[in-house]
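Geometric and topological summary
Each chain, letter by letter, is given below.
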Amino acid sequence: MKFIRCKNYEEMSRVAANLLEETIAEKPDAVLGLATGSTPEGMYAELCRDYKDGKVDFSHVTTVNLDEYCNLPVEHEQSYRTFMNVNLFDHVNLRKDHTFLPDGNAADLNAEAVRYEKLVADLGYADLQILGVGRNGHIGFNEPADTLFVDTHVTALKPSTIKDNSRFFASEKEVPKRAMTMGIGTIMKAKKIVLMASGSNKKEALTALYSGVADSMIPVTFLQMHPDVTVVFDEAAAPERKN
């Protein structure tokens with residue numbers, strides 16, 4: 001596991017964008033696993049700028065997103081499909097029919113989870129998976145629990161996650177209570193993983209990741225068992241190294 005310490009959010013975003021672009025340069029038809037939330041917004045802005053400057057070509061890329069809220073209209077401004085359209089898909093030459101997210105409005109959500117897991121598997125899993133990390137250590141929407149799901153599944157969001165995500169909604173009551181997410185096993189099958197972390201509220205999760213102990217109550221710690229993980233973080237999120 002490689003740790004890259006950056007001065008600030010802007011530098012972290014640039015470094016993450018470089019890593020993603022390196023993957024496309026090596027494999028123009030790469031499958032990219034993408035994340036949403038405030039952490040990768042700067043990276044997506046860098047990618048859009050580089051595309052406009054002719055530095056990166058997305059025309060043969062396929063994307064698979066980590067997760068999506070359940071029972072939130074896809075056209076809602078806080079749906080993850082809308083997020084991806086606004087922050088990346090509408091601004092680069094990605095084919096929209098090569099961009100995939102779970103359908104959080106499917107009539108049978110469990111069947112949709114099985115379908116999405118098969119879709120990702122049939123694509124060969126992500127060549128590069130981008131991750132953020134929650135304050136409670138969740139990755140995707142794999143929340144702290146006694147046991148963690150391997151495959152894509154529907155999960156209930158923890159109160160702390162709902163509270164954290166309420167800043168994107170008019171009120172905490174409007175935040176969906178469930179989401180569909182790739183499982184820990186799905187994430188771990190990516191060939192490479194880049195974990196991004198920004199802000200002092202992520203320090204505890206990164207410190208746990210650096211500890212050498214895998215704990216289902218801090219899901220991010222399972223990344224220690226992956227052979228190719230790069231952690232990109234700003235000064236505020238820097239882990240405390242106790243050894």
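In the block above lies the structure referred to throughout.
Leu20, Met43, Phe58, Leu88, Leu195 and Leu223 are the most contacted members of the largest nonpolar core, which has 69 residues in total. In terms of residues, this core owes the most to one element, helix H1 (residues 9-26), which gives six residues. Among all residues touching Phe58, those that are not within four sequence positions of it are Leu20, Ile24, Leu47, Tyr51, Val92, Asn93 and Leu94. Counting six residues, the second-largest nonpolar core is a separate cluster that includes Cys70, Ala106, Leu109 and Val154.

For the structure on display, the rule yields 13 salt bridges. In this structure, Lys118 and Asp122 form a salt bridge, with 2.7 Å as the shortest nitrogen-oxygen distance. Here the residue Lys118 and the residue Asp122 both occupy positions in helix H4 (residues 109-122), the gap between them amounting to four residues, near one helical turn. Residue class for Lys118 comes out exposed when judged on its relative accessible area of 51%. Since its relative accessible area comes to 57%, Asp122 is described here as exposed. Residues joined in a network through salt bridges with shared partners are Arg14, Glu21, Glu46, Arg49 and Asp50.

Cut-offs applied
- Residues numbered from 1 in each chain as written.
- Predicted model: local features only at pLDDT ≥ 70, side-chain atom pairs only at ≥ 80, totals over all residues.
- Heavy atoms only, no water.
- Core = buried A, V, L, I, M, F, W, Y, C linked by side-chain atoms within 4.5 Å.
- Buried < 20%, exposed > 50% of the residue type's maximum accessible area, 1.4 Å probe, protein only.
- Helix = DSSP H or I, 4+ residues; strand = E, 2+ residues; numbered from the N terminus.
- Contact = heavy atoms within 4.5 Å.
- Salt bridge = Lys/Arg side-chain N within 4 Å of Asp/Glu carboxyl O.

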